[in-house]
Amino acid sequence: MKLATLRTDAVTTTAAVLMGTETYLPLPASDVGALIADPAWRERTEETVRTAPASAVVQVSGLQLAPLLPRAGKVICCGLNYGDHIQEMGRELPEYPTLFAKFADTLTGPLDELEVHGSDRVDWEAELAVVVGATLTRADEAEAAAAIAGYTVANDVSMRDWQNRTLQWFQGKAFDASTPVGPVLATADEFDGSGFEVRGYVNGELVQRGHTRTLVFGPARLLSYISQFTTLRPGDLVLTGTPGGVGMGMKPPRFLQDGDTITTEIDGIGRLENRVLIRALALNN
């Protein structure tokens, strides 16, 4: 099952994806996060899809796709989690995950333009993201795996000049509306556990390609670890890290230019297509 959040006039609604990327069945929730807050969301959604009349199905364009989880309570990201990316950044394999947080304000839609103010070192980071489907507190890996609602695509667009101002990454990772997520939540039961190939493109050029089997900390292990210190709840989002090929790791480093398009793609889930607009900062920072 695949679920999306759609824009309809000034509001959003959840929808199940049917028979194609632009055929949807609206569901009684404002967004995917609100839908999965109901412990019985799977059964109720499956029943709605099974019994809905043909007249309830709608056709919408991709431009009506909204941020998947616009009100995510927690957005937690793992840095340096693919072996090849760790090597290109000159680091050793970590004993523990390198974690940082974002706000829900950082999330934007799968086809939205990304308007970045005040950075000239804007970098791409194609990622698999995990959507939490049940409350987790000090969970083991088996409990964490069972609590995964599904997977989606994300790009942890990073402002490297801001990120490297201090030893803390936060300010380079938390720009408003800079992290596209979507286009859908693909439920965990759609996948066999073999993992995902994550690909990133800049203006159609393949720059990143990695497989989640090379993750140092896989999805269930990450969720279990995070739940040891903070409770995860339905609708929370965990970004699992990016493979090698980011701009900062190139020799010489390469960053996005105004008008560039980044594409992020994971088979079985979908793709993000985001044009980047780089604007000068009005104030001197």
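This text gives an overview of the structure that appears in the document.

Quick notes on the rules
Residues numbered from 1 in each chain as written. Predicted model: local features only at pLDDT ≥ 70, side-chain atom pairs only at ≥ 80, totals over all residues. Heavy atoms only, no water. Helix = DSSP H or I, 4+ residues; strand = E, 2+ residues; numbered from the N terminus. Contact = heavy atoms within 4.5 Å. Pairing = 2+ DSSP bridges. Axes fitted to C-alpha atoms, helices over the stretch in contact; angles between N-to-C directions. Buried < 20%, exposed > 50% of the residue type's maximum accessible area, 1.4 Å probe, protein only. Phe/Tyr/Trp six-rings, centres within 6.5 Å; stacked < 30°, edge-to-face > 60°. Lys NZ or Arg CZ within 6 Å of the ring centre and 35° of its normal. Core = buried A, V, L, I, M, F, W, Y, C linked by side-chain atoms within 4.5 Å.

**Digging into the environment of Thr261**
Thought 1: Assignment of secondary structure puts Thr261 in strand β17 (residues 261-266).
Thought 2: Excluding anything up to four places from it in sequence, Thr261 contacts Tyr201, Val202, Asn203, Glu273, Asn274 and Arg275.

**Some details on the sheet that holds strand β15 (residues 205-211)**
Thought 1: Spatially, β8-β18-β17-β14-β15 is the arrangement adopted by the five strands of the open sheet, whose pairing is mixed. Looking at the sheet topology across the chains shown, the edges are occupied by β8 (114-117) and β15. In this sheet, neighbouring strand axes are inclined to one another by 20 degrees on average, regardless of whether the strands run parallel or antiparallel.
Thought 2: In terms of strand pairing, strand β14 (residues 197-202) meets β15 through six bridges, oriented antiparallel. Looking across to β15, one finds that Gly200 is bridged to Gln208.

**Regarding unusual backbone geometry**
Of all residues except glycine, most have a negative phi; of all peptide bonds, most are trans.
Thought 1: With omega at -5 degrees, the peptide bond leading from Gly182 into Pro183 counts as cis.
Thought 2: One can find Pro183 in strand β13 (residues 179-187).
Thought 3: Backbone torsion omega between Lys251 and Pro252 reads -5 degrees, so that peptide bond is classified as cis.
Thought 4: Its location among the elements puts Pro252 in the loop between β16 (237-239) and β17.
Thought 5: For Leu80, which is not a glycine, the phi torsion comes out positive at approximately 50 degrees.
Thought 6: Checked against the element boundaries, Leu80 lands in the loop between β5 (75-79) and α3 (83-88).
Thought 7: Located in the positive-phi region is Asn203, a residue other than glycine, with phi close to 50 degrees.
Thought 8: By the element assignment, Asn203 lies in the loop between β14 and β15.

**Section: the pairing of strand β1 (residues 2-8)**
Thought 1: Bridging between β1 and β13 involves two bridges; their strand directions are antiparallel. Its bridge partner lying in β13, Lys2 is registered against Ala186.
Thought 2: Alignment of β1 against strand β2 (residues 11-17), held across six bridges, turns out to be antiparallel. Along β2, the bridge assignment pairs Thr5 with Thr14.

**Some thoughts on helix α6 (residues 219-227)**
The periodicity of an α-helix, 3.6 residues per turn, causes residues three or four places apart in sequence to face the same way.
Thought 1: Of all nine residues in α6, seven are buried; the element is thus mostly enclosed.
Thought 2: Pro219, Ala220, Leu222, Leu223, Ser224, Ile226 and Ser227 are the residues of α6 that are buried.
Thought 3: Of the surrounding elements, those touching the buried residues of α6 are β5, β6 (98-102), β10 (126-132), α4 (141-146), β11 (148-155) and β16.

**Digging into the packing of aromatic side chains**
Thought 1: Within this structure, the stated rule accounts for eight aromatic pairs.
Thought 2: Plain terms: the ring middles of Tyr151 and Phe196 are 4.9 Å apart, the flat faces sit at 55 degrees to each other, and that makes the pair tilted. Placement of the pair is Tyr151 in strand β11 and Phe196 in the loop between β13 and β14, with a sequence separation of 45 residues. Summarising the burial analysis for this pair, Tyr151 and Phe196 share the class buried.
Thought 3: Taken together, Tyr96, Tyr225 and Phe229 form an aromatic cluster joined through their ring pairs.
Thought 4: The side chain of Arg165 reaches across the aromatic face of Trp162, ending 3.9 Å from its centre.

**A few points about the nonpolar core**
In summary, soluble globular proteins display a tendency toward joint burial of nonpolar side chains.
Thought 1: Grouped together as the largest cluster of nonpolar side chains are 35 residues, with contacts concentrated most on Leu223 and Ile269.
Thought 2: When residues of this core are traced back to their parent elements, those giving at least two are β1, β5, β10, β11, β13 and α6.
Thought 3: The contacts of Leu223, once residues within four sequence positions are left out, are Val130, Val132, Leu136, Ala144, Ile148, Leu232 and Val238.
Thought 4: Ranked by size, the runner-up nonpolar core spans 26 residues in total, among them Ala16, Ala29, Leu69 and Ala149.

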